[in-house]
Amino acid sequence: MMKSFRGGVHPNDRKSYTANKPIETAPLPSKAIIPVRQHIGAPCSPIVAKGDLVKKGQLIATTDAFVSGNVHASISGKVIDVGEYPHPGFGTCLAIVIENDGKDEWAEGIPLKRDWQSLDADSINKIIREAGIVGMGGATFPTHVKMTVPKDKKAEAFILNAAECEPYLTADHRLMLEESARIVTGVKIAMKALGVTKGYVGIEDNKPDAIEVMKKAFEGTGVEVMGLPTKYPQGAEKMLIKVITGKEVPSGGLPMDVGVVVQNVGTAVAISDAVTQGIPLIQRVTTISGKAIKEPKNILVRVGTTFREAIDFCGGFASTPEKILSGGPMMGMAEPHIDLPIIKGVSGILALAEGEANTGKQSPCIRCGRCLNACPMGLNPSMFSLLGEKNLFEEAVEDFSLLDCVECGSCVYACPAKRNIVQYVKYSKAQNAAKKAAKK
Amino acid sequence: MAEVKLNKELFNVSVSPHIRSEESVSKIMWTVNLTLAPAALFGVYHFGLNALMIILLGIVSAVFFEWAVEIIRKKPITIKDGSAFLTGLLLAMCLPPTLPAWMAIVGSFIAIVVAKHAMGGIGSNIFNPAHIGRAALMVSWPVAMTTWSKMTTSVPDVVSSATPLNILKQQGYDALISTFGSASNMYQAMFLGNRSGSIGETCTVLLVLGGLFLIYKKYINWQVPVVMIGTVGILTWIFGPAGFLTGDPLFHMMAGGLIIGAFFMATDMVTIPMTIKGQIIFAFGAGVLTTLIRLKGGYPEGVCYAILLMNCLTPLIDRFCQPKKFGVRG
């Protein structure tokens, strides 16, 4: 039995809705709404204007900032607007709207054929940066930044994060079953770029079929495919590294501090597409699920397609949903409506029916200690809610290491008093940052 | 199939996570009530109608006071969550069966109004409310609180109305054995509950079964009762009446309110440390204090005060027993 990490919870994974559904290609949107910011970091500036004709894969927004991700046209057609549009993460965001001309034509030079084995690390990272690849597990951190090894550090191992520990989501699961060759190529490219020989694939053991397929696919590559105990948040970077390598990323540090780089399954596929074929990140596989969806599916969908179009492709609603989520139920974001574009980081769209989203009314903390036992970071979440309630942010940061919290939600899941601990954490972090900024 | 017409265009939003476990405060409280019920019912069977009156008045008045205070404090009414019910039940189970039943109402008042709500309500109280209620009655009506009844069941050898710990304190260990006839008779009586004592504390077997169920449900940590009862057992064995290692640990572990205290009071999550490490320290301290009061103090029994004293130390223990942080050495 593998050693597990401390804490964690066991929510019902509800993956059976879509685990056996092969990836279907969603129809192209009539118009694509493409935000210039689909990543953590600096927003891009549009380089096309209203009225321009663009082709699929063409660069339409970019920036010189290193921590950012290029944005490309996901369909061919005419730019009909550049303006503020609803965004699943930021409320609204500057977006480029392309009207579909129905031709779905590639921009010049795409796709191409490239022998990745002859490329060096710098050129691989350059291609990844140009292709606008970001972490597709949901965090959307620019991939080329993660792949760039700082001069004073040395990468020792690469880990493919195939845990997919969020309930409902099966996009990575299906990719592993259906696109194993591209995943293997993506992993090999990443390992070459990092200059590492040690590679691991971590898969939760609730996906035995994926473990089997991956083991076969990685045979002879030296990459070790590992079945991991199913426990949320197994897919959290720090927990994954701990379980696979036994190392703990130091508090306030990055995986690179222990010589490890972690990338998600979808990201590996995107790396493969970009490096071997020159295809930028313009589409992704995402899971449309939840009891309020008529026919839950895994779909391959272009960036800029709206939630509404994706849900319609899945037969529409079976009942009025109580909540619409982008991402999984543990860390995903509740959306007020469905006229939002699917962006690079949308790993799932969930429509939770009445009663499926079990929230409950918050009551006073009874100090039962369940949150302490559930916290994978070894923190005392109850104090975050108690201090947050009283606006004592500095105490939360200094005495209880608030900034170490990864907001995985395990504490809230476990809390019998239904305390909204993550809400207090986010609030306290923001207030603390504002206070710090004001002091400067 | 007809298209589902949405009856709203905007959906609920909240911060993640969007799913929760099925656990709730009221589920925990009612489960604890349920696990206490067999021992309470045994107390009624064992001691008679006045015991029933005390239990009923204790519960009803506790729930009433909770409701009344919440009305006055303009707080949501939480009488259905089972916590006031539990306080009333626990208080009654720790009272002598001959107590004038109306005194239970006074105890409930102190427990709910003073010990719980004056401290800020559920989750904010420092002391175990039921034990504060009992302690208040103890100082108010010391005679009534130490007068014990004969049992209504006819156990041939058991004639004394004093509690076993009382006999031990006043007449010594030999007198205690002869009261029961033999040592094995005594153990059996104490295991099954055929002894004098507070209404709900006597039946070791039913209390332990209830406690085991709470451990199985993960509502309490097994370390707490094991450490507290174990500490009392070891210490009373070491410091026996005839010198070192002459004590009777088995007797002490089943005597007085230790079993109910260790399983149901020293595990009251609100008033004990949050980490297992802290809880073990708490349980050890409570065990030491219980032994100290029993062997050296003026009272025959010390569980109630031991737990209350350790409640004072809970914030301090919590401060030094935080969990080990991920990514921090040492």
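Owing to the predicted nature of the structure, the values given are computational and were not obtained by experimental measurement.

Cut-offs applied
Residues numbered from 1 in each chain as written. Chains lettered and ligands numbered in written order. Predicted model: local features only at pLDDT ≥ 70, side-chain atom pairs only at ≥ 80, totals over all residues. Helix = DSSP H or I, 4+ residues; strand = E, 2+ residues; numbered from the N terminus. Rg over C-alpha atoms; globule rule 2.2 N^0.38 Å. Buried ≥ 20, exposed ≤ 12 C-beta atoms within 10 Å, placed from the backbone. Contact = placed C-beta atoms within 7 Å. Domains from an automatic or database assignment. Pairing = 2+ DSSP bridges. Axes fitted to C-alpha atoms, helices over the stretch in contact; angles between N-to-C directions. pLDDT = per-residue confidence, 0-100. Nonpolar A, V, L, I, M, F, W, Y, C, P; charged D, E, K, R; others polar. Parallel < 35°, antiparallel > 145°, perpendicular 65-115°, else oblique. Left-handed = near helix turned anticlockwise from the far one by under 90°.

Undergrad: So what exactly am I meant to see when it comes to the overall build of chain B here?
TA: The secondary structure content of chain B amounts to 15 helices and two strands. What you see for chain B is a C-alpha radius of gyration of 22 Å, in line with the 20 Å of a compact globule of 330 residues. The principal-axis extent of the C-alpha atoms belonging to chain B is close to 80 × 55 × 45 Å. When burial is assessed residue by residue, chain B has 51% of its 330 residues classed as buried. If you take every contact in chain B between residues at least 6 apart in sequence, the share linking residues at least 24 apart comes to 71%.

Undergrad: I tried to follow the domain arrangement of chain A on my own but got confused; where do I start?
TA: Residues and elements named next belong to chain A. Looking at chain A, the domain boundaries give domain 1 (28-101 + 280-353), domain 2 (111-277) and domain 3 (370-439). Relative to domain 2, the C-alpha centre of domain 1 lies at a distance of 23 Å. The interface is formed by 30 residues belonging to domain 1 together with 25 residues belonging to domain 2. Put simply, the parts of the chain that give the side of domain 1 that touches domain 2 at least two residues each are strand E6 (71-72), strand E13 (283-289) and strand E17 (348-353). Among the elements that line the side of domain 1 that touches domain 2, the one with the most residues is E13, at five residues.

Undergrad: In this structure, what is going on with the sheet that holds strand E14 (residues 297-302) of chain A? I would like to understand it.
TA: Strands in a sheet are paired, the pairing made by backbone hydrogen bonds, and the direction either parallel or antiparallel. All names here are of chain A. The six strands lie next to each other as E1-E14-E13-E17-E15-E16, forming an open sheet whose pairing is mixed. Edge positions in the open sheet fall to strand E1 (24-25) and strand E16 (333-335), since each of these has one partner strand only. Pairing between strand E15 (residues 321-326) and E16: three bridges, direction antiparallel. The partner of Ser326 across the bridge, within E16, is Met333. With respect to the sheet, helix H3 (residues 171-178) is in contact with E13, E14 and E17, its orientation differing from that of E13 by roughly 125°.

Undergrad: Help me out: how do you make sense of the confidence of the model for chain B in this one?
TA: Detail in the predicted coordinates should be disregarded across regions flagged by low pLDDT. Mean pLDDT over chain B works out to 92, with 94% of the residues at or above the 70 mark. Interface predicted TM-score (ipTM) for the complex: 0.91; the corresponding pTM is 0.93.

Undergrad: When you look at the sheet that holds strand E2 (residues 31-35) of chain A in this model, what are you seeing that I'm missing?
TA: Residue and element names in this part refer to chain A. Reading across the sheet, the four strands line up as E2-E8-E7-E4 and stay open at both edges, with antiparallel pairing between neighbours. Two strands in the sheet have a free side with no partner beyond their single neighbour: E2 and strand E4 (53-54). Strand direction decides the pairing type here: strand E7 (residues 77-87) and strand E8 (residues 91-100), joined by 10 bridges, are antiparallel. Bridged to Val79 within E8 is Ile98.

Undergrad: How should I be thinking about the interface of chain A and chain B in this particular structure?
TA: Quoted interface sizes are often the accessible area lost when the parts come together. Between chain A and chain B, the contact holds 58 residues from the first and 37 residues from the second. Elements supplying a minimum of two residues to the side of chain A that touches chain B: E15, E16, helix H12 (410-414) and helix H13 (421-439) of chain A. Residues belonging to the side of chain A that touches chain B are distributed by class as follows: 31 nonpolar, 18 polar and nine charged.

Undergrad: So what exactly am I meant to see when it comes to the packing of H3(A) against helix H5 (residues 208-217) of chain A here?
TA: Working note: a packed helix pair is described by the angle between its axes plus the distance between those axes. Residue and element names in this part refer to chain A. H5 packs onto H3 with a crossing angle of 40° between their chain directions and a minimal axis gap of 9 Å. Here H3 is positioned oblique relative to H5, judged by the angle of their axes. Taken as a pair, H3 and H5 cross one another with a handedness that is left-handed. Side by side, H3 and H5 meet where His173, Met176 and Leu177 of the first sit next to Asp209, Ala210, Val213 and Met214 of the second. Each residue belonging to the contact of H3 with H5 can be placed in one class, and the counts come to five nonpolar, one polar and one charged.

Undergrad: Sorry, what's going on with the environment of B:Gly197 here?
TA: Residue and element names in this part refer to chain B. Among the structural elements, Gly197 can be located in the loop between helix H9 (183-192) and helix H10 (204-216). Residue class for Gly197 comes out buried when judged on the 29 C-beta atoms lying within 10 Å of it. Those residues in contact with Gly197, other than ones at most four positions away along the chain, are Thr163 and Thr202.

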